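Listed below, chain by chain, are the residues.
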Amino acid sequence: MLVEHDDDGNSQILHYGGDSGDESIYRKGTLYFYNNTIVSERAGNTTLMHLSTNEEHADCRKTWST
């Protein structure tokens, strides 16, 4: 279970790849995201998943959000 509380910093619950600006060291390939429950208590925007470049992919199954 992933819980994003209101005012917990940035609005991304999951970020896959990298954020250094040097894409050569980012994680590449597929993120397997199975059997998860995601709860957002944010009053504003929430980004469920951010993939850094077109070289990252996500396979999401049996994931619930509220």
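Located above this text is the structure these notes cover.
Residues numbered from 1 in each chain as written. Predicted model: local features only at pLDDT ≥ 70, side-chain atom pairs only at ≥ 80, totals over all residues. Heavy atoms only, no water.

Draft legend 1. Geometry of the overall build of the protein. Helix and strand counts for the protein come out as 0 helices and 7 strands. Along the chain direction, N to C, the helices and strands of the protein fall in the order β-β-β-β-β-β-β. Looking at the protein residue by residue over its 66 residues, the buried ones come to 23%. A separation of at least 24 residues holds for 77% of the contacts in the protein among residues at least 6 apart in sequence. When the accessible surface of the protein is split by element, carbon and sulfur atoms take 45% of a total near 4,700 Å². (Helix = DSSP H or I, 4+ residues; strand = E, 2+ residues; numbered from the N terminus. Buried < 20%, exposed > 50% of the residue type's maximum accessible area, 1.4 Å probe, protein only. Contact = heavy atoms within 4.5 Å. Areas by Shrake-Rupley, 256 points an atom, 1.4 Å probe, with all protein chains shown as cover.)

In short, shape yes, function no, at least from these values alone.
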